[in-house]
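Tertiary structure, described
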Number of protein chains: 2
Amino acid sequence: MDGRPATDQPSPWMPFENRRRARDEKREAVLRTAVQLFLEQGYHRATLNEVAERLNITKPALYNYFRSKEDILFECWALGQEQVDGFIAAIDGSRQTGLGKLRALVHSYAETMATDFGASLVRFDPRDLSPANAKIVRAAKRGIDQTFRRYIAEGIADGSIKPCDPKMAAFAIAGSLNWIGHWYQRGGELTPDAIADDFAERLTEGLATAASKRPARKPPPTKTKKSAAKAPTPRKKNNTKRNTPGRTA
Amino acid sequence: MDGRPATDQPSPWMPFENRRRARDEKREAVLRTAVQLFLEQGYHRATLNEVAERLNITKPALYNYFRSKEDILFECWALGQEQVDGFIAAIDGSRQTGLGKLRALVHSYAETMATDFGASLVRFDPRDLSPANAKIVRAAKRGIDQTFRRYIAEGIADGSIKPCDPKMAAFAIAGSLNWIGHWYQRGGELTPDAIADDFAERLTEGLATAASKRPARKPPPTKTKKSAAKAPTPRKKNNTKRNTPGRTA
DNA sequence: TGCTTATATTACTCACGGGTAAGAAAAAGT
DNA sequence: ACTTTTTCTTACCCGTGAGTAATATAAGCA
């Protein structure tokens, strides 16, 4: 609260905070491990024994941090949803045309789909959750859908987007984006950033009115500036898994 | 083989064929029931006991027709894949521009996604299959992906499609389509035909060159001819489930 | 009518994995 | 040093659901 002497003082409170922090770090570690395993093997095939094993502990230890397997699943989902809520709030607060907001949404959403917690939003099955949690998830999904439709409707209203059915447009766009969560895997040739750039353009160009069109599409062989710049990301060590071996479906 | 007297003759072969047919019909009935249950509840939550129960038989009876639960899953998938193979072969054999083929593919694929067996192509998890079957599925998925890319490349070559990256375009389009299998449900306000028409146009308009553009987009409120004509499909009896309550994700 | 084969049932096995109980080991607090 | 609390382990329970064995029933067939 008030100005306590820096961090090195042996305040009686420090250990307490340390413990809290340590606990939260362990919780997070569990979630990181769990989300990876769930994505790798699928929720039902993944066992808590293996989650624990990867953390060098045993299964019952997990129950110090979570009430059940389903609880872990839900928390993984919640972390992904938090990201989405975050950038939607930011875009909502920005001053842009409907088309601009839609582009920003597509971009951020695409990037999120390329993260573990983001992918969990579309790869986890709400039917694995308790009724109460499933309800929360359904509400959140509805919220995302309505955000897409709202931006499109706004764009039509402000003239940046051609008149069209917001519902179908939202379905088509969200489908493309959600599918990223199914095919993207780290270490492939496509970086999240490059994907986000490409999709932001690709999924909105068809909707833009002539007045609000982007300058021009970059010529084919040239990689986009941003992705080219960020492309030489230091590859993860033993990532032999190649990306996109041809799995559209 | 040769011209046996019509169907009413008490040929000694008839009973045999009848039995064969009866058996195949039962097999199909199992698959229809199973695919519905698997889609409803998810493969892991669905039990063979319930599949059997819905057929008014008991679980072990199923093992007269299938070797395992996984076998049933795979056969459901195979029926969907058969549909896809069918229309791809037809389109491959047709004389059209790349864009034309792509449109046809999108249309047929969208319609298929609105069927149970079609949806099973994207909603069943290949990791639930034996390694051998999983391999078959992976190969088939690759085939579909490459068909999309091929038509796009053809379109670029013949000038009907603007130069673009076939890989990314295919991902975007297939994502939209595959997602139909996740949100579509019978009895909703959107008919498969209307969806297919809309998507065929929506997902290809952005790729078309100026020279090959379609006449014009139909005005918003008017339903398309085809869908309006086919719309009054006799609704299934107790289908209270409403479609698209706002689930984009 | 009896013989054979296909099909179904009842009653069971069994592996698996989520979750719990009891208590050890470590850390924090005094 | 002693107590208390947190964290973790070993050892277990137990529901579930796929798959099987033994057997009954029904249908083809002579």
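The notes below deal with the structure included here. Everything numeric in this text was worked out from a predicted model, so none of it was measured. (Residues numbered from 1 in each chain as written. Chains lettered and ligands numbered in written order. Predicted model: local features only at pLDDT ≥ 70, side-chain atom pairs only at ≥ 80, totals over all residues. Heavy atoms only, no water.)

**Focus: the pattern of salt bridges**
- Under the criterion given, the structure shown has 24 salt bridges over all chains.
- Residues Glu28 of chain A and Arg32 of chain A are paired through a salt bridge, measuring 3.9 Å at the closest nitrogen-oxygen approach. Separated by four residues within a single helix, Glu28 of chain A and Arg32 of chain A lie in helix H1 (residues 13–41), roughly one turn from each other.
- For Glu28 of chain A, a relative accessible area of 45% corresponds to the partly exposed category.
- Looking at Arg32 of chain A, the relative accessible area reads 44%, which means it is partly exposed.
- Close ionic contact of Asp125 of chain B with Arg45 of chain A constitutes a salt bridge, the shortest N to O distance being 3.1 Å. Here Asp125 of chain B, found in the loop between helix H6 (116–123) and helix H7 (131–158), pairs with Arg45 of chain A, found in the loop between H1 and helix H2 (48–54), and the two come from separate chains.
- You can call Arg45 of chain A partly exposed: its relative accessible area is 26%.
- Here the salt bridges do not stand alone but share partners, grouping Arg45 of chain A together with Asp125, Arg127 and Asp128 of chain B into one network. (Salt bridge = Lys/Arg side-chain N within 4 Å of Asp/Glu carboxyl O. Helix = DSSP H or I, 4+ residues; strand = E, 2+ residues; numbered from the N terminus. Buried < 20%, exposed > 50% of the residue type's maximum accessible area, 1.4 Å probe, protein only.)

**A word on helix H5 (residues 98–113) of chain A**
- For H5 of chain A, with 16 residues, the first-to-last C-alpha span of 22 Å sits near the 22 Å given by 1.5 Å per residue.
- Within H5 of chain A, 14 of the 16 residues are buried, which leaves the element mostly enclosed by the surrounding structure. (Expected span 1.5 Å × (residues − 1).)

**Here's the deal with the protein's contact with DNA strand D**
- Around DNA strand D there are 19 residues in total, and Arg19, Thr58 and Tyr65 of chain A together with Lys59 and Lys69 of chain B lie nearest to it.
- Among all atoms of DNA strand D positioned within 4 Å of the protein, those belonging to sugar or phosphate total 68%.
- Within the side chain of Tyr65 of chain A, one N or O atom sits 2.6 Å away from a phosphate oxygen of DNA strand D.
- Here Ala46 of chain B contributes a backbone N or O atom positioned 3.5 Å from a phosphate oxygen of DNA strand D.
- Those elements giving two or more residues to the surface near DNA strand D turn out to be H1 and helix H3 (59–62) of chain A together with helix H1 (13–41) and helix H3 (59–62) of chain B. (Near = heavy atom within 4 Å. Polar contact = N/O pair within 3.5 Å; in protein donor to acceptor, adjacent residues only side chain to side chain.)

**Observations concerning the protein's contact with DNA strand C**
- Close to DNA strand C lie 19 residues; Arg19 and Lys59 of chain A together with Arg19, Arg23 and Thr58 of chain B are nearest.
- Near the protein, within 4 Å, the atoms of DNA strand C are sugar or phosphate in 67% of cases.
- Note that a phosphate oxygen of DNA strand C is positioned 3.1 Å from one of the backbone N or O atoms of Leu48 of chain A.
- At 2.7 Å from a phosphate oxygen of DNA strand C is found a side-chain nitrogen or oxygen belonging to Arg23 of chain B.
- Of all elements in the fold, only H1 and H3 of chain A together with H1 and H3 of chain B reach the threshold of two or more residues within the surface near DNA strand C.

**Comments concerning the environment of Ile173 of chain A**
- Topologically, Ile173 of chain A is positioned in helix H8 (residues 166–183).
- With a relative accessible area of 4%, Ile173 of chain A lands in the buried category.
- Sequence-distant contacts of Ile173 of chain A, that is, excluding residues within four places in its chain, are made with Leu102, Val106, Phe148, Leu203 and Leu207 of chain A together with Ser176 of chain B. (Contact = heavy atoms within 4.5 Å.)

**Considerations on the relation of the copies chain B and chain A**
- When chain B is fitted to chain A, the best match, at an RMSD of 0.0 Å, comes from turning it 180° and sliding it 0.0 Å along the axis. Such values leave the two copies arranged in the relation of a two-fold axis.
- A high fraction, 98%, of the interface residues of chain B reappear at the interface in chain A, so the copies pair face to face through one surface. (Least-squares fit on C-alpha atoms with pLDDT ≥ 70 in both.)

**Brief notes about the interface of chain B and chain A**
- With 49 residues of chain B at the interface, the matching set in chain A holds 49 residues.
- Summing both partners gives a buried area of about 3,900 Å² for chain B against chain A, and 60% of it is carried by carbon and sulfur.
- In this structure, the connection of chain B to chain A is made through six salt bridges.
- At the surface where chain B touches chain A, the tally comes to 11 residue pairs in polar contact (both at pLDDT 80 or more). (Buried area = accessible area lost by both parts, 1.4 Å probe.)

**Re H8 of chain A**
Residues and elements named next belong to chain A.
- Taking 1.5 Å of rise per residue, the 18 residues of H8 would be expected to cover 26 Å, and the 26 Å separating its terminal C-alpha atoms lies within 8% of that figure.
- With 16 of 18 residues buried, H8 is to be regarded as a mostly interior element.
- Capping the start of H8 is the job of one residue whose side-chain oxygen sits 3.1 Å from the backbone nitrogen of Lys167: Asp165.

**Regarding the nonpolar core**
- Core analysis: the biggest nonpolar cluster contains 133 residues, and Phe148, Leu177 and Phe199 of chain A together with Phe148, Leu177 and Phe199 of chain B have the highest contact counts within it.
- In this view, Phe199 of chain B contacts Met168 and Ala172 of chain A together with Val106, Ser176, Leu177, Ile180, Trp183 and Thr204 of chain B; residues no more than four positions away in its chain are not counted. (Core = buried A, V, L, I, M, F, W, Y, C linked by side-chain atoms within 4.5 Å.)

**Regarding the environment of Ser176 of chain A**
- By the secondary structure assignment, Ser176 of chain A is in helix H8.
- When its relative accessible area of 0% is taken as the criterion, Ser176 of chain A is described as buried.
- Ser176 of chain A sits 27 residues away from Leu203 of chain A along the chain, and the two C-alpha atoms are 8.3 Å apart.
- Ser176 of chain A has contacts with Phe199 and Leu203 of chain A together with Ala172, Ile173, Gly175 and Ser176 of chain B, leaving out every residue within four places of it along the chain.
- A distance of 2.4 Å separates a polar atom in the side chain of Ser176 of chain A from the backbone oxygen of Ala172 of chain B.

**Digging into the environment of Phe66 of chain A**
Residue and element names in this part refer to chain A.
- In this structure, Phe66 sits in the loop between H3 and helix H4 (69–92).
- Residue Phe66 is classed as buried on the basis of its relative accessible area of 3%.
- Beyond its immediate chain neighbours, meaning those up to four positions away, Phe66 contacts Arg27, Val30, Leu31, Asp71, Ile72 and Glu75.

**Re the packing of H6 of chain B against helix H8 (residues 166–183) of chain B**
Residue and element names in this part refer to chain B.
- It is the contact of H6 with H8, at a shortest axis distance of 9 Å, that shows an interaxial angle of 110°. Taken together, the axes of H6 and H8 are roughly perpendicular relative to one another. Crossing angle aside, the handedness with which H6 passes H8 is left-handed. Along its contact with H6, which presents Ala119, Val122 and Arg123, the element H8 presents Asn178, Gly181 and His182.
- Here the residues of the contact of H6 with H8 sort into two nonpolar, three polar and one charged. (Axes fitted to C-alpha atoms, helices over the stretch in contact; angles between N-to-C directions. Parallel < 35°, antiparallel > 145°, perpendicular 65-115°, else oblique. Left-handed = near helix turned anticlockwise from the far one by under 90°. Nonpolar A, V, L, I, M, F, W, Y, C, P; charged D, E, K, R; others polar.)

Interpretation note: all reported values are geometric properties and have no functional meaning in isolation.
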